[in-house]
Amino acid sequence: MDATIHHISKPHPVTGVTNSKLGTWLFLASEVMLFGSLFSAYVLIRTGSPSWPHGWTLLNVPLATLNTLILITSSVTMVMAWASLALKDLGKYRLYMGSTVLLGLGFLVVKSFEYGSKFAHHHYPATDTFYATYFTLTGLHGLHVIGGIVLNTYLLFPGSALWKKEPDQFLGRVEAAGLYWHFVDLVWIFLFPVLYLL
Amino acid sequence: MQKYGWSLPIDVSTHGYQIDRLIWVIHWFMAVLFVGWFLFFLYTLFRFRARAGHKPEHHEKHFKLPTYLEAGVAVFEVVLLVGFSFPIWAHIRNQFPDEKKALHVRVVAEQFAWNVHYPGPDGVFGRTSPALMNASNPLGIDRTDPRALDDIATINQLHIPVDTPVIAQLTSKDVIHSFFLPVMRVKQDTTPGQQIPVWFQAKQTGDFEIACAQLCGLGHYRMRGFFVVDPKETFTQWLAEQAPKPEEIAAWTAAAAAAASKPVAAPAVAAPASH
Amino acid sequence: MSGLTHEEVKHHVAVYIRVFAALMALTVVTVGVSYLHLPLALAIFVALVIATLKAGLVAAFFMHLSGEKRIILAALLLTVFFFIFLLIFPSLHAL
Amino acid sequence: MSQTNGHSHPHGAAGHDSHELPFWRKYIFSVDHKVIGIQYAVTGLLFLFFGFCLMMLMRWQLAYPGQPLPVPFLANLFNETQMISGIMLPEFYNQLGAMHGTIMIFLGVVPLAVGGFGNFVVPLQIGAPDMAFPKLNMMSYWLYFIGGILMLASFFVPGGTAQSGWTSYPPLSVIASSGQTWWLVGMAFLINSSLLGSINFITTIVQLRAPGLSFFRLPFFVWAQFVTSFLLLLAFPPLMGAAVLQLMDRLAHTSFFLPTGLVVNGAPIAGYSGGGNPLLWQHLFWFLAHPEVYVLILPAMGIVAEVIANNTRKPLYGYKALIYSVVFLGFMSFIVWAHHMYLTGMGTGMSAFFQVTTMIISIPSVIILTTMILSLWGGAIRFTVPMLFALAFLPMFGIGGLTGLPLGLNASDIHLHDTYYVIGHFHYVVAPGTIFALFAGVYYWFPKATGRQMVGWLGKLHFWPSLIFINGVFMPMFIQGMAGVQRRLYDPMQYAHAQPTQVLNVVMSVSAWLLGLAQIPFIVNFFYSIFWGRKADQNPWQATTLEWTAPSPPPHGNFTSEPVVYRGPYEYASPDSKSDFWPQAMKEKN
């Protein structure tokens, strides 16, 4: 018997999913618990603290709103990239995937301006627990964005060679990367009101 | 009676018998269950050992006994919870003695000592501040506060009168410690940033120990304090010996007056430089 | 999702555009509400409702969770259950 | 080592498939689950031994506090920040304590139980050619390896390694020397390793079961690994979050765990804003660390079930009850964590809630133990070496489980919390419990991994002294705990209430050293049998589960033809079959 592993590109007949899809969702489940622990820390420290500033008094809401819009747009381009590939249009896939990467970079650029202005005003993670939470949560989220950009860039250029050989498997990979990227968006959807608007 | 041995230490508290009783009830239960299991286990091993002519059974019967056993264990656990643990905990943690009749102390743990703060004759703790803490004032008592002038501070010496309820406010200056009075069946983590009250009442006099039960650094093993239950008169006398001397109080009052006359913003930090 | 027909994908795309519009609108709403400076409890409630709505849209449509296979939904349900415990219980310490 | 026996290789294509790979791809950076499993197992065993050595050193200090080590050679191994002329320093004692716990749990038992046995056995037992994600599997192992190296290296950094206990409670851990940072980074590697592993296991078990192998035909071991993987998947990330926060506290001087007004060494702590809460760490830590207990015990129960079914020659009693219990156990293990925190000033309501869940979780444990003992009834029990270890597991785990009761009730916990009673309790679960089960697994699956049998009499020579001395180590701890002797004491003679039990420390220490000697037959047996052991055929134990349908050792791709499963996992003594066992993959009566 050869060492072929089943259900890499074709779904399992009973569960209806491929290995990579199930694996990706399990990974995202663990990510839910990771960010869950940090949100839990936020709730505990905020409720236990005698006073807590409104995010909008200290942070730049317009910039963060812009970033929210950027990230949502990138989620749409991501899902469009997948749809283009499902329609077997590699050219459009490249266009949408490229946009996703650029929007992700745009998010980081905006974020770096935000961080820069905080540092310029001598606001660091050590300043108080508000800034500690802000920097840690957005920093960890930023690392996830960077990871997504690396992954998407791989699928945009060298990774897309798989399209010719194993189109189903490649489509599965793009879908998995999409799930991850949407999850990063989803975390931000909660981070944004929690840190900036409340 | 021997204080310490190979079993529970002597219990000199009024509430400890409940904890001890629970511990023994559980251990009898454990012993019965374990011995039963174990004998059955050994018997089974012997009876069903592989040997010539002995064949294993495929369709084993459904055993009813274990179901009853498991139900019995569940019921017993409910009894432990409702009959013992909940009421004991409620008694120890929620039903504090009358504050007017009780002796109040603060116990502030630090690496690696127990600072004990008695309110003195006025019965009120004076103000304390972390900014004032130093080697000669480990509790950071602010002696510019008039209520603090009679406050008594000891290190590693917790004396209490017998037959008197004691309410102790526990906290820590640095890391987490655990305030453990083995003979009192009292154990409570002392956490920096939190003030946690415990109460206890001794029914017997004697010299005992305060132990630290939470790893608090390299000196954890020697973070031992003295816990002395005195007859009431001895306690009053001991407390009087610990009280600040009149000349000390005079110096503090003078320093406070001098600080108050200056228009500076931070009198609290500058004041207690009298030592 | 590999076994989709042309028409199905086209339909998906139409949905994506609508979801995109809804997400944009909700973002504007939540920011707008924050400028009203509502009392904290109400503000938290409104912000979390809107965020949950947005997250639901992303999960249901972009991540294809609506109509996803049972095994994945079951795993996520389990996760959400423990997530709630993790989120709430530490803050109830003194209860 | 899986290639020591070439004769049982089938003629199929499997053999030459693996010959194309160079040595380093085949044995070092291998993606084959069997090689990775063996890598995990061997590394795990080495770490277990290392962690055991740390403990034997500590036991000298406990038995003879303040006396120099009697072996000059040993004393010379340590520098003046660890020992002064053979006398251990308290800092070093705390380092040994913290690292003994960390190494035994995260670098020893879990890698051996999950990484080792899980990797090697699960794909074989479900009839899969490999794990679902072989490259991810390799990455799991190497992340674990790096984590282990970081932990070992931390012994040599200035100030020594982590010394705030394996629980690393802040603020102590935040103000500790740089070894703590190494510990946190090492843990981050180990956490991510476990995470990738758990994703791999769940996907493999869900997706790659052989035709006919429904969930209720899975061997109990696979079920145990399945539940374990969910615990790793969902409980480890909060520790990752907590580790990130503690790293931020240590490196970026945030105050997640530091309250306002901290005074350290007589002076207000500088550079920290305060405003945090030390109990936040405890919640996040125990959210992982309680399920972690079940990560340690569930695979062990799985191994014991396999060995018992095989050696009683009859089906497991209550197979479905076992499965429901293990699933329920896994589920409940997520909502009992705060029973480690009764004495932190927790509110009465919270404390009552966690007591109730703790009592509830004891029920499935009782069911599992009772079911396994009842499985013996009606059997024809073969006292093979794996069976001896599996049988010993039952009463030992029983003691460990029962002694959890007084700790799970907050009123009795007041006296017993943070005493040696706790140490005795969890060691009974993990040492004569889990580690004995792991030994059973080593003896049981050794012929599958190597194609050779281990030596029986050496195994018995390993078993009996181990059983006696391990009880000599842990049983007296209950007496010390009742007497109120606190844990983590460098010098137990400081306290009056600890002095009467000091003689027990000598008993325990001598037992521990003899327990160390008792492992020599195992080590000899292990290496001797790899090279010169009696050759084993495909199914030396006459077992039913799928791994015994593959050649010993299995080639790349595992099976000569894809197995099809026709029945449940434990068809022993079936009246429908002519022989006394009926393998899962055999269609016809034999």
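This text goes with the structure placed above it.
These notes cover the structure that comes with them. (Residues numbered from 1 in each chain as written. Chains lettered and ligands numbered in written order. Predicted model: local features only at pLDDT ≥ 70, side-chain atom pairs only at ≥ 80, totals over all residues. Heavy atoms only, no water.)

**What to know about the overall build of chain A**
In terms of regular secondary structure, chain A is built from seven helices and zero strands. In sequence order, the secondary structure elements of chain A are arranged as α-α-α-α-α-α-α. By its C-alpha atoms, chain A is 65 × 35 × 20 Å across when sized along the principal axes. Of all 198 residues assigned to chain A, the portion counted as buried reaches 62%. Of all intrachain contacts in chain A linking residues separated by at least 6 positions in sequence, the fraction that spans at least 24 positions is 75%. (Helix = DSSP H or I, 4+ residues; strand = E, 2+ residues; numbered from the N terminus. Buried < 20%, exposed > 50% of the residue type's maximum accessible area, 1.4 Å probe, protein only. Contact = heavy atoms within 4.5 Å.)

**A closer look at the pattern of salt bridges**
All chains considered together, the criterion is met by twelve salt bridges over all chains. K10(A) is paired through a salt bridge with D168(A); the nearest N and O atoms lie 2.7 Å apart. Of the two residues, K10(A) is situated in the segment before α1 (19-47) and D168(A) in helix α7 (residues 167-197); the sequence distance between them amounts to 158 residues. Among the ionic pairs, D580(D) bridges to R313(D), the shortest N-O distance being 2.9 Å. Taken together, the residues D580(D) in the segment after α18 (520-532) and R313(D) in the loop between α9 (278-312) and α10 (319-332) connect sequence positions 267 residues apart. Of the residues examined, R313(D) reaches a relative accessible area of 4% and is grouped as buried. A cluster of three or more residues bridged by salt bridges with shared partners is formed by K21(A), E175(A) and E68(C). (Salt bridge = Lys/Arg side-chain N within 4 Å of Asp/Glu carboxyl O.)

**Observations regarding a nonpolar patch on the surface**
Residues and elements named next belong to chain D. A grouping of F49, V510, L514, L517, I520, I523, V524, F527, Y528, F531 and W532 is seen on the molecular surface, where their side chains present a nonpolar patch of about 1100 Å² in accessible area. Breaking the nonpolar patch down by element, the ones donating at least two residues are α17 (502-517) and α18. Per-element accounting of the nonpolar patch gives the leading share, seven residues, to α18. Along the chain, the position of F531 falls in helix α18. Owing to a relative accessible area of 48%, F531 belongs among the partly exposed residues under this scheme. (Patch = residues over 30% accessible without salt bridge, like charges linked within 9 Å, V, L, I, M, F, W, Y side chains within 5 Å. Areas by Shrake-Rupley, 256 points an atom, 1.4 Å probe, with all protein chains shown as cover.)

**Digging into the state of the cysteines**
What the rule picks out here adds up to zero disulfides over all chains. The closest cysteine sulfur to the non-disulfide-bonded C212(B) is located on C216(B), 3.9 Å from its own sulfur. (Disulfide = S-S within 2.5 Å.)

**A closer look at the packing of helix α2 (residues 65-93) of chain B against helix α11 (residues 348-376) of chain D**
For any two helices packed against each other, the geometry is given by the interaxial angle and the distance between the axes. Look at α2(B) against α11(D): their axes get within 10 Å of each other, and the N-to-C directions meet at 160°. The angle between α2(B) and α11(D) falls in the class roughly antiparallel. Relative to α11(D), α2(B) is oriented so that their crossing is right-handed. Along the contact surface, α2(B) presents P66(B), L69(B), E70(B), V73(B), A74(B), E77(B), L81(B), S85(B), F86(B) and W89(B), while α11(D) presents T348(D), S351(D), A352(D), Q355(D), V356(D), M359(D), S362(D), I363(D), V366(D), I367(D), T370(D) and L374(D). Looking at the contact of α2(B) with α11(D) residue by residue, the class counts come to 14 nonpolar, six polar and two charged. (Axes fitted to C-alpha atoms, helices over the stretch in contact; angles between N-to-C directions. Parallel < 35°, antiparallel > 145°, perpendicular 65-115°, else oblique. Left-handed = near helix turned anticlockwise from the far one by under 90°. Nonpolar A, V, L, I, M, F, W, Y, C, P; charged D, E, K, R; others polar.)

**Description of the nonpolar core**
If you look at the biggest cluster of nonpolar residues, it comprises 371 residues, and the most contacted ones within it are F200(B), F227(B) and F220(D). In contact with F200(B), other than residues within four places in its own chain, are H15(B), I160(B), T164(B), P165(B), V166(B), A168(B), F179(B), L181(B), M184(B), V186(B) and F227(B). Of all hydrophobic cores here, the second largest spans five residues; its members include L258(D), L262(D), V264(D) and Y272(D). (Core = buried A, V, L, I, M, F, W, Y, C linked by side-chain atoms within 4.5 Å.)

**Quick word on the interface of chain D and chain B**
In this assembly, 98 residues from chain D lie in contact with 87 residues from chain B. Taking both partners together, chain D and chain B bury about 7900 Å²; carbon and sulfur atoms supply 70% of that area. Broken down residue by residue, the surface that chain D buries against chain B is led by W377(D), I414(D) and M482(D), which jointly contribute 10%. Where chain D meets chain B, there are zero salt bridges. Seen at the junction of chain D and chain B, the total is 26 residue pairs in polar contact (both at pLDDT 80 or more). Per-element accounting of the side of chain D that touches chain B gives the leading share, 15 residues, to α11(D). Broken down by class, the residue content of the side of chain D that touches chain B amounts to 56 nonpolar, 32 polar and ten charged. (Buried area = accessible area lost by both parts, 1.4 Å probe. Polar contact = N/O pair within 3.5 Å; in protein donor to acceptor, adjacent residues only side chain to side chain.)

**A closer look at the packing of aromatic side chains**
By the definition in use, this model includes 100 aromatic pairs over all chains. Consider the rings of F216(D) and Y324(D), whose centres lie 6.0 Å apart with planes at 70°: the pair is edge-to-face. In this pair, F216(D) sits in the loop between α7 (179-207) and α8 (220-252) while Y324(D) sits in helix α10, placing the two residues 108 residues apart along the sequence. Residue placement shows R93(B) over the ring face of W89(B); its charged tip is 4.6 Å from the ring centre. Just above the ring of F215(D) sits the side chain of R209(D); from NZ or CZ to the centre is 4.1 Å. (Phe/Tyr/Trp six-rings, centres within 6.5 Å; stacked < 30°, edge-to-face > 60°. Lys NZ or Arg CZ within 6 Å of the ring centre and 35° of its normal.)

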